[in-house]
Amino acid sequence: SCTSLTDLTLGSGLTSIGEGAFRRIAISELVLPNSLTTLGVDAFRDIGNLTSITWPQGNAMFNKVDGFNGCSALSDDVLSSIPSTVTTIADYAFANCHFTKVTIPQSVEYVGKYAFSTNSYLESIVIKESNVPLTIDEYAFKETSKIVGKDIVLPERVSVLKNNAFGFGYNTSNVFTINNKNIVIEGDPWGQTRWTTIKYPLDLTTETSPTFMEYKT
(Lines give C-alpha, C1' and ligand atoms only; values in the text may rest on other atoms or scores of the structure.)
Protein backbone atom coordinates (compact mmCIF):
# COMPACT_ATOMS: atom_id res chain seq x y z
CA SER A 1 0.00 0.00 0.00
CA CYS A 2 1.19 3.54 -0.83
CA THR A 3 -1.37 5.45 1.24
CA SER A 4 1.42 7.29 3.10
CA LEU A 5 3.06 8.56 -0.11
CA THR A 6 3.18 12.38 0.14
CA ASP A 7 5.41 13.22 -2.84
CA LEU A 8 4.98 12.06 -6.42
CA THR A 9 7.17 12.97 -9.40
CA LEU A 10 6.03 11.75 -12.81
CA GLY A 11 8.69 11.48 -15.50
CA SER A 12 8.63 13.78 -18.53
CA GLY A 13 8.26 10.86 -20.97
CA LEU A 14 5.23 9.31 -19.26
CA THR A 15 2.30 8.81 -21.64
CA SER A 16 -0.23 6.74 -19.68
CA ILE A 17 -1.40 6.27 -16.09
CA GLY A 18 -3.39 3.09 -15.53
CA GLU A 19 -6.62 2.36 -13.71
CA GLY A 20 -6.35 2.93 -9.96
CA ALA A 21 -2.60 3.50 -10.20
CA PHE A 22 -2.27 6.06 -7.38
CA ARG A 23 -5.52 5.58 -5.53
CA ARG A 24 -5.58 6.88 -1.95
CA ILE A 25 -2.03 8.19 -1.79
CA ALA A 26 -1.44 11.30 0.34
CA ILE A 27 -0.16 13.98 -2.07
CA SER A 28 -1.49 17.55 -1.96
CA GLU A 29 -0.23 18.69 -5.37
CA LEU A 30 -0.08 16.89 -8.70
CA VAL A 31 1.93 17.83 -11.78
CA LEU A 32 1.04 15.82 -14.87
CA PRO A 33 3.81 15.80 -17.50
CA ASN A 34 3.17 17.37 -20.89
CA SER A 35 3.81 13.99 -22.50
CA LEU A 36 0.76 12.41 -20.83
CA THR A 37 -2.04 11.24 -23.14
CA THR A 38 -4.16 8.88 -21.02
CA LEU A 39 -5.56 9.00 -17.48
CA GLY A 40 -7.08 5.70 -16.34
CA VAL A 41 -10.32 5.24 -14.44
CA ASP A 42 -9.83 6.03 -10.73
CA ALA A 43 -6.14 6.75 -11.34
CA PHE A 44 -6.07 9.24 -8.45
CA ARG A 45 -9.28 8.31 -6.68
CA ASP A 46 -9.96 9.22 -3.04
CA ILE A 47 -6.93 11.42 -2.44
CA GLY A 48 -8.40 13.61 0.27
CA ASN A 49 -5.37 15.95 0.53
CA LEU A 50 -5.10 16.76 -3.19
CA THR A 51 -5.82 20.45 -3.81
CA SER A 52 -4.16 21.33 -7.13
CA ILE A 53 -3.48 19.75 -10.51
CA THR A 54 -1.14 21.05 -13.19
CA TRP A 55 -2.48 19.70 -16.47
CA PRO A 56 -0.43 18.69 -19.54
CA GLN A 57 0.05 21.64 -21.88
CA GLY A 58 0.43 21.75 -25.65
CA ASN A 59 -0.33 18.06 -26.11
CA ALA A 60 -3.07 17.48 -28.69
CA MET A 61 -3.33 13.83 -27.61
CA PHE A 62 -4.43 14.73 -24.09
CA ASN A 63 -8.16 15.01 -24.66
CA LYS A 64 -9.90 13.14 -21.83
CA VAL A 65 -9.94 13.93 -18.11
CA ASP A 66 -10.62 11.03 -15.77
CA GLY A 67 -9.69 9.52 -12.44
CA PHE A 68 -10.39 12.02 -9.62
CA ASN A 69 -13.53 10.58 -8.03
CA GLY A 70 -13.52 11.34 -4.31
CA CYS A 71 -10.73 13.94 -4.34
CA SER A 72 -12.64 16.14 -1.95
CA ALA A 73 -10.08 18.93 -1.44
CA LEU A 74 -9.64 19.94 -5.11
CA SER A 75 -9.93 23.67 -5.74
CA ASP A 76 -12.29 25.17 -8.32
CA ASP A 77 -9.23 26.28 -10.30
CA VAL A 78 -8.58 22.66 -11.24
CA LEU A 79 -11.57 22.80 -13.60
CA SER A 80 -11.10 26.31 -14.98
CA SER A 81 -7.50 25.45 -15.90
CA ILE A 82 -8.28 22.31 -17.92
CA PRO A 83 -6.37 22.72 -21.22
CA SER A 84 -8.10 23.44 -24.52
CA THR A 85 -7.12 20.02 -25.91
CA VAL A 86 -9.64 18.31 -23.63
CA THR A 87 -12.92 17.29 -25.26
CA THR A 88 -14.22 14.76 -22.72
CA ILE A 89 -14.84 14.78 -18.98
CA ALA A 90 -15.25 11.09 -18.30
CA ASP A 91 -17.90 9.19 -16.33
CA TYR A 92 -17.38 9.74 -12.59
CA ALA A 93 -14.29 11.87 -13.29
CA PHE A 94 -15.00 14.34 -10.46
CA ALA A 95 -17.80 12.62 -8.56
CA ASN A 96 -17.83 13.05 -4.79
CA CYS A 97 -15.65 16.15 -4.86
CA HIS A 98 -16.34 19.44 -3.03
CA PHE A 99 -16.22 22.07 -5.77
CA THR A 100 -18.23 25.22 -5.16
CA LYS A 101 -18.10 26.18 -8.84
CA VAL A 102 -17.92 23.87 -11.85
CA THR A 103 -16.61 25.44 -15.05
CA ILE A 104 -17.03 23.48 -18.29
CA PRO A 105 -14.32 24.70 -20.71
CA GLN A 106 -15.06 25.81 -24.27
CA SER A 107 -13.40 22.77 -25.83
CA VAL A 108 -15.40 20.12 -23.97
CA GLU A 109 -17.86 18.13 -26.11
CA TYR A 110 -19.00 15.56 -23.58
CA VAL A 111 -19.68 15.54 -19.84
CA GLY A 112 -20.00 11.92 -18.76
CA LYS A 113 -22.40 10.03 -16.54
CA TYR A 114 -22.08 11.01 -12.88
CA ALA A 115 -19.11 13.23 -13.82
CA PHE A 116 -19.86 15.77 -11.06
CA SER A 117 -22.43 13.86 -9.03
CA THR A 118 -22.63 14.19 -5.26
CA ASN A 119 -20.63 17.42 -5.20
CA SER A 120 -22.40 18.50 -2.03
CA TYR A 121 -20.83 22.01 -1.91
CA LEU A 122 -21.61 22.97 -5.51
CA GLU A 123 -23.25 26.40 -5.85
CA SER A 124 -22.56 27.34 -9.49
CA ILE A 125 -22.36 25.67 -12.91
CA VAL A 126 -20.79 27.71 -15.71
CA ILE A 127 -20.65 26.36 -19.26
CA LYS A 128 -18.28 28.41 -21.36
CA GLU A 129 -19.65 29.67 -24.68
CA SER A 130 -18.14 28.33 -27.90
CA ASN A 131 -19.10 26.74 -31.22
CA VAL A 132 -18.39 23.24 -29.90
CA PRO A 133 -21.58 21.14 -29.42
CA LEU A 134 -21.88 19.73 -25.90
CA THR A 135 -23.64 16.61 -24.60
CA ILE A 136 -24.41 16.35 -20.88
CA ASP A 137 -25.00 12.71 -20.04
CA GLU A 138 -27.16 10.98 -17.45
CA TYR A 139 -26.76 11.94 -13.77
CA ALA A 140 -23.86 14.29 -14.55
CA PHE A 141 -24.84 16.66 -11.70
CA LYS A 142 -27.00 14.35 -9.64
CA GLU A 143 -27.44 15.17 -5.95
CA THR A 144 -25.59 18.48 -5.84
CA SER A 145 -27.72 19.91 -3.09
CA LYS A 146 -26.24 23.39 -2.45
CA ILE A 147 -27.10 24.55 -5.95
CA VAL A 148 -30.76 24.68 -4.90
CA GLY A 149 -32.11 28.18 -5.59
CA LYS A 150 -29.46 29.12 -8.15
CA ASP A 151 -29.96 30.00 -11.82
CA ILE A 152 -28.51 27.63 -14.42
CA VAL A 153 -27.99 28.67 -18.03
CA LEU A 154 -27.33 26.24 -20.86
CA PRO A 155 -25.76 28.17 -23.73
CA GLU A 156 -26.69 27.45 -27.32
CA ARG A 157 -23.89 24.94 -27.75
CA VAL A 158 -25.58 22.48 -25.37
CA SER A 159 -27.08 20.15 -27.97
CA VAL A 160 -27.99 17.00 -25.99
CA LEU A 161 -29.33 16.79 -22.46
CA LYS A 162 -29.91 13.33 -21.03
CA ASN A 163 -32.00 11.76 -18.30
CA ASN A 164 -31.37 13.03 -14.76
CA ALA A 165 -28.43 15.18 -15.88
CA PHE A 166 -29.58 17.80 -13.35
CA GLY A 167 -31.47 15.52 -10.98
CA PHE A 168 -30.46 17.41 -7.86
CA GLY A 169 -32.71 15.33 -5.66
CA TYR A 170 -34.41 18.28 -3.96
CA ASN A 171 -37.45 20.46 -4.61
CA THR A 172 -35.95 23.70 -5.88
CA SER A 173 -36.70 27.29 -6.84
CA ASN A 174 -34.13 27.44 -9.63
CA VAL A 175 -34.48 29.15 -12.99
CA PHE A 176 -33.25 26.83 -15.71
CA THR A 177 -32.63 28.43 -19.14
CA ILE A 178 -32.29 26.54 -22.44
CA ASN A 179 -30.89 28.57 -25.33
CA ASN A 180 -30.70 25.99 -28.13
CA LYS A 181 -33.99 25.71 -30.00
CA ASN A 182 -32.83 22.38 -31.50
CA ILE A 183 -31.68 20.75 -28.28
CA VAL A 184 -32.24 16.99 -27.97
CA ILE A 185 -33.75 16.09 -24.61
CA GLU A 186 -33.79 12.45 -23.51
CA GLY A 187 -35.93 11.34 -20.61
CA ASP A 188 -36.24 13.76 -17.71
CA PRO A 189 -33.04 15.81 -17.22
CA TRP A 190 -34.40 17.21 -13.96
CA GLY A 191 -35.24 13.90 -12.32
CA GLN A 192 -38.68 15.18 -11.25
CA THR A 193 -37.06 18.05 -9.40
CA ARG A 194 -39.61 20.84 -9.03
CA TRP A 195 -38.28 23.90 -10.82
CA THR A 196 -39.98 27.26 -10.37
CA THR A 197 -39.17 28.31 -13.95
CA ILE A 198 -37.84 26.58 -17.05
CA LYS A 199 -37.13 29.01 -19.88
CA TYR A 200 -36.75 27.86 -23.48
CA PRO A 201 -36.82 29.47 -26.94
CA LEU A 202 -40.29 30.30 -28.29
CA ASP A 203 -39.30 28.62 -31.55
CA LEU A 204 -38.17 25.39 -29.88
CA THR A 205 -38.31 22.83 -32.70
CA THR A 206 -36.82 19.70 -31.18
CA GLU A 207 -38.78 16.53 -30.64
CA THR A 208 -38.42 16.31 -26.89
CA SER A 209 -39.18 13.60 -24.39
CA PRO A 210 -42.78 13.27 -23.15
CA THR A 211 -41.55 14.27 -19.71
CA PHE A 212 -40.16 17.56 -21.01
CA MET A 213 -43.44 18.25 -22.77
CA GLU A 214 -45.04 18.07 -19.34
CA TYR A 215 -42.59 20.68 -18.04
CA LYS A 216 -43.38 22.92 -21.03
CA THR A 217 -47.05 22.92 -20.28
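Overview of the structure. Predicted model, so just to flag it, every value in this text is computed and none were measured. (Residues numbered from 1 in each chain as written. Predicted model: local features only at pLDDT ≥ 70, side-chain atom pairs only at ≥ 80, totals over all residues. Heavy atoms only, no water.)

**Here we look at the overall build of the chain**
When its secondary structure is counted, the chain shows 2 helices and 15 strands. Within the chain, the fraction of its 217 residues that count as buried is 47%. For the chain, the accessible area works out to roughly 10000 Å², and carbon and sulfur atoms hold 45% of it. (Helix = DSSP H or I, 4+ residues; strand = E, 2+ residues; numbered from the N terminus. Buried < 20%, exposed > 50% of the residue type's maximum accessible area, 1.4 Å probe, protein only. Areas by Shrake-Rupley, 256 points an atom, 1.4 Å probe, with all protein chains shown as cover.)

**Brief notes about the sheet that holds strand E13 (residues 175-178)**
Taken together, the 3 strands give an open sheet; going across it, the order is E11-E13-E15, and neighbouring strands pair in parallel fashion. If you trace the sheet from one side to the other, it starts and ends with strand E11 (152-154) and strand E15 (197-199), each paired once. On average, adjacent strands in this sheet sit at an angle of 10° to one another, irrespective of strand direction. Sheet topology note: the E13/E15 ladder contains 3 bridges and is parallel. When the bridges of E15 are listed, Thr 177 appears paired with Lys 199. (Pairing = 2+ DSSP bridges. Axes fitted to C-alpha atoms, helices over the stretch in contact; angles between N-to-C directions.)

**Observations regarding the pairing of strand E9 (residues 124-127)**
Burial of the side chains of E9 is restricted to one face: Ile 125 and Ile 127 are buried, whereas none of Ser 124 and Val 126 on the reverse face is. Where strand E7 (residues 101-104) and E9 come together, 4 bridges link them in parallel fashion. Paired with Lys 101 across the bridge in E9 is Ser 124.

**Here we look at the pairing of strand E12 (residues 158-161)**
Pairing geometry for strand E10 (residues 134-136) and E12, over 3 bridges, is parallel. Residue pairing for E12: Ile 136 is matched across the bridge by Leu 161. Pairing geometry for E12 and strand E14 (residues 184-185), over 2 bridges, is parallel. In the strand pairing of E14, Leu 161 is matched with Ile 185.

**Concerning the sheet that holds E12**
The 6 strands lie next to each other as E5-E6-E8-E10-E12-E14, forming an open sheet whose pairing is parallel. Across the chains shown, the open sheet's two edge strands, defined by having one partner strand only, are strand E5 (64-65) and E14. The pairing of strand E6 (residues 88-89) with strand E8 (residues 110-111) spans 2 bridges and is classified as parallel. Bridge pairing in E8 places Thr 88 opposite Tyr 110.

**With respect to the environment of Val 153**
By the secondary structure assignment, Val 153 is in strand E11. When the C-alpha atoms of Val 153 and Ile 127 are compared, they prove to be 7.8 Å apart, with 26 residues separating the residues in sequence. Those residues within four positions of Val 153 in sequence are excluded, and the remaining contacts are Ile 127, Thr 177 and Asn 179. (Contact = heavy atoms within 4.5 Å.)

**A few points about the side chain of Asn 119**
Within the secondary structure layout, Asn 119 lies in the loop between E8 and E9. Accessibility expressed as a relative area gives 0% for Asn 119, which makes it buried. Polar contacts involving the side chain of Asn 119 include one to the main-chain amide nitrogen of Phe 99, which spans 3.3 Å. Setting aside its immediate chain neighbours within four residues, Asn 119 contacts Phe 94, Ala 95, Asn 96, Cys 97, His 98, Phe 99, Glu 143 and Thr 144. (Polar contact = N/O pair within 3.5 Å; in protein donor to acceptor, adjacent residues only side chain to side chain.)

**A look at the side chain of Asp 66**
Secondary-structure assignment places Asp 66 in the loop between E5 and helix H1 (77-80). The side chain of Asp 66 is buried and forms no salt bridge, while Lys 64, the nearest opposite charge, is found at 4.8 Å. Once residues within four sequence positions are removed from consideration, Asp 66 is found in contact with Leu 39, Gly 40, Val 41, Ala 90, Asp 91 and Ala 93. (Lys, Arg positive; Asp, Glu negative; His and termini not counted. Salt bridge = Lys/Arg side-chain N within 4 Å of Asp/Glu carboxyl O.)

**Things to note about the nonpolar core**
Within the largest apolar cluster, 58 residues are counted, with the highest numbers of intra-cluster contacts made by Trp 55, Phe 68, Phe 94, Ile 136 and Phe 166. Mapped onto this core, the elements with two or more residues apiece are H1, E7, E9, E10, E11, E12 and E13. If sequence neighbours within four positions are ignored, Phe 68 has contacts with Leu 30, Leu 39, Phe 44, Leu 50, Ile 53, Trp 55, Leu 74, Ala 93, Phe 94, Ala 95 and Cys 97. (Core = buried A, V, L, I, M, F, W, Y, C linked by side-chain atoms within 4.5 Å.)

Just geometry here; none of it tells us what the structure is for.
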